[in-house]
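Per-entry structural report
Residues per chain, in single letters:
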Amino acid sequence: MGITENYQQVLQTIPENVALVAVSKTRTVAEIKDIYTLGCRDFGENKVQELTQKYKTLPKDITWHFIGHLQSNKVKYIAPFVGLLHGIDSLKLLKTVNKEAIKNNRVIPCLLQLKIASEETKYGLFQHDLIELLEHDDFQILKNIRVVGLMGMATFTSDKQQVQEEFEYLKRLFVSIKQQYFTNSDYFKHISMGMSGDYTLAINCGSTMVRIGTTIFGERNYNK
Ligand SMILES: *Cc1c(COP(=O)(O)O)cnc(C)c1O
């Protein structure tokens, strides 16, 4: 099956109120255009240079999602155009994003990444870090970032029960954080969770945004 068929099939399995981010990292501009033509306008990248290149080449009505770990010194390259930052995991990074957003005279939407997986390597905040960040005076004064929700990646495992528990944990955390810190905000509404292997489960657990690469584009080849 080709990319367009895959994309159409994925769309059929996602409810209307769940956003689809097509994860296009390592994919060519031509591959991206295959589904841009079908109406896809949300693409996810995890390398700053690759994202910047693709942004320059592709139509300007695309919303670019940065889904990787973002280094502070690289924020400036994507601040002019990035649509949503999924991987914010420190106040320091948030301050840098705010600073670059001011330079570009815009407000940059951000998701705070929670560490929900049991693996050591995954980035993200623990619950207590999240609360500390939200309560910090330095956070309150940031006017050019907008926290629109939470993001998480489940453990890479075939144990569906474990993955489900991790997604349910993120959903519960989202609800309590919204209630405590964002009661009067219409913006705090996203839970970005679910990838090719686990997005159906994530949606059942309350995901509002899934990030899907392999199921749409096929296996990634990093040596291309
Ligand atoms: C690569 C990546 C995805 C997509 O993974 P697939 O398994 O190809 O769907 C989703 N989220 C993040 C953060 C990623 O880095």
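See the structure shown above.
One structure accompanies this document, and this report is about it. (Residues numbered from 1 in each chain as written. Predicted model: local features only at pLDDT ≥ 70, side-chain atom pairs only at ≥ 80, totals over all residues. Heavy atoms only, no water.)

**Description of the packing of helix α1 (residues 3-12) against helix α2 (residues 29-36)**
Closest axis-to-axis distance for the α1/α2 pair is 9 Å, and the angle between their directions is 45 degrees. In terms of their interaxial angle, α1 and α2 are classed as oblique. For α1 against α2, the interelement crossing comes out right-handed. Here Ile3, Thr4 and Tyr7 of α1 come into contact with α2, specifically with Glu31, Asp34 and Ile35. A per-class count over the contact of α1 with α2 returns 3 nonpolar, 1 polar and 2 charged. (Axes fitted to C-alpha atoms, helices over the stretch in contact; angles between N-to-C directions. Helix = DSSP H or I, 4+ residues; strand = E, 2+ residues; numbered from the N terminus. Parallel < 35°, antiparallel > 145°, perpendicular 65-115°, else oblique. Left-handed = near helix turned anticlockwise from the far one by under 90°. Contact = heavy atoms within 4.5 Å. Nonpolar A, V, L, I, M, F, W, Y, C, P; charged D, E, K, R; others polar.)

**Some remarks on the site of the ligand**
In the region of the ligand, the neighbouring residues are Val23, Lys25, Ile67, Met151, Met153, Met195, Ser196, Arg211, Ile212, Gly213, Thr214 and Arg220. Take arginine 211: an N or O atom from its side chain is 2.9 Å from a nitrogen atom of the ligand. Taking 390 Å² as the accessible area of the ligand by itself, protein coverage stands at 90%. Of the residues assigned to the shell around the ligand, the class counts are 6 nonpolar, 3 polar and 3 charged. (Near = heavy atom within 4 Å. Polar contact = N/O pair within 3.5 Å; in protein donor to acceptor, adjacent residues only side chain to side chain. Areas by Shrake-Rupley, 256 points an atom, 1.4 Å probe, with all protein chains shown as cover.)

**What to know about the packing of helix α6 (residues 127-135) against helix α8 (residues 160-181)**
At their nearest, the axes of α6 and α8 sit 12 Å apart, and the two run at 20 degrees to each other. Between α6 and α8, the angle falls in the class roughly parallel. Our pair here, α6 against α8, has a crossing hand that is right-handed. Mapping the contact onto sequence places Gln127, Leu130, Ile131, Leu134 and Glu135 in α6 and Tyr169, Leu173, Ile177 and Tyr181 in α8. Residues that form the contact of α6 with α8 fall into these classes: 7 nonpolar, 1 polar and 1 charged.

**Brief notes about the environment of leucine 112**
When you line up the elements, leucine 112 lands in strand β5 (residues 108-114). With 35 residues separating them along the chain, leucine 112 and valine 147 place their C-alpha atoms 7.2 Å apart. If near-sequence neighbours (up to four positions away) are discounted, leucine 112 is found in contact with Ile88, Leu94, Leu125, Leu130, Leu133, Leu134, Val147, Gly149, Leu150 and Met151.

**Description of unusual backbone geometry**
At threonine 26, a residue that is not glycine, the phi angle is positive and equals roughly 70 degrees. Examined against the element boundaries, threonine 26 turns out to sit in the loop between β1 (19-23) and α2. For asparagine 105, which is not glycine, the phi torsion reads 55 degrees and is therefore positive. With respect to the helices, strands and loops of the structure, asparagine 105 is situated in the loop between α5 (91-103) and β5. By relative accessible area, asparagine 105 is classed as exposed at 72%. (Buried < 20%, exposed > 50% of the residue type's maximum accessible area, 1.4 Å probe, protein only.)

**Some thoughts on the environment of alanine 19**
Residue position: alanine 19 is located in strand β1. Excluding residues that lie within four positions of it along the chain, alanine 19 makes contacts with Thr208, Met209 and Val210.

**Let's talk about the pairing of strand β4 (residues 84-88)**
Buried residues dominate β4, accounting for 5 of its 5 residues. Note that strand β3 (residues 63-66) and β4 share 2 bridges and pair parallel. Residue pairing across strands places histidine 65 opposite leucine 84, the latter belonging to β4. Bridge count between β4 and β5: 2 bridges; the pairing is parallel. In the strand pairing of β5, leucine 85 is matched with cysteine 110. Crossover β4 to β5 through α5 is right-handed. (Pairing = 2+ DSSP bridges. Right-handed = clockwise from strand over helix to strand, strands pointing away.)

**Here's the deal with α2**
Inspection of α2 places Glu31, Ile32, Ile35 and Tyr36 among the buried residues, and these make up the whole buried set. One face of α2 carries all of its buried residues, which in axial projection span an arc of 145 degrees. In this structure, the buried residues of α2 make contact with α1, β1, β2 (42-45), α3 (48-57), β3 and α10 (214-217). (Arc of directions from axis to C-beta.)

**Quick word on the pattern of salt bridges**
Summed over all chains, the structure comprises 5 salt bridges. Across the pair aspartate 61 and arginine 41 runs a salt bridge, and its minimum N-O distance is 3.1 Å. Here the residue aspartate 61 occupies a position in the loop between α3 and β3, and arginine 41 occupies one in the loop between α2 and β2, the gap between them amounting to 20 residues. What makes aspartate 61 partly exposed here is its relative accessible area of 42%. (Salt bridge = Lys/Arg side-chain N within 4 Å of Asp/Glu carboxyl O.)

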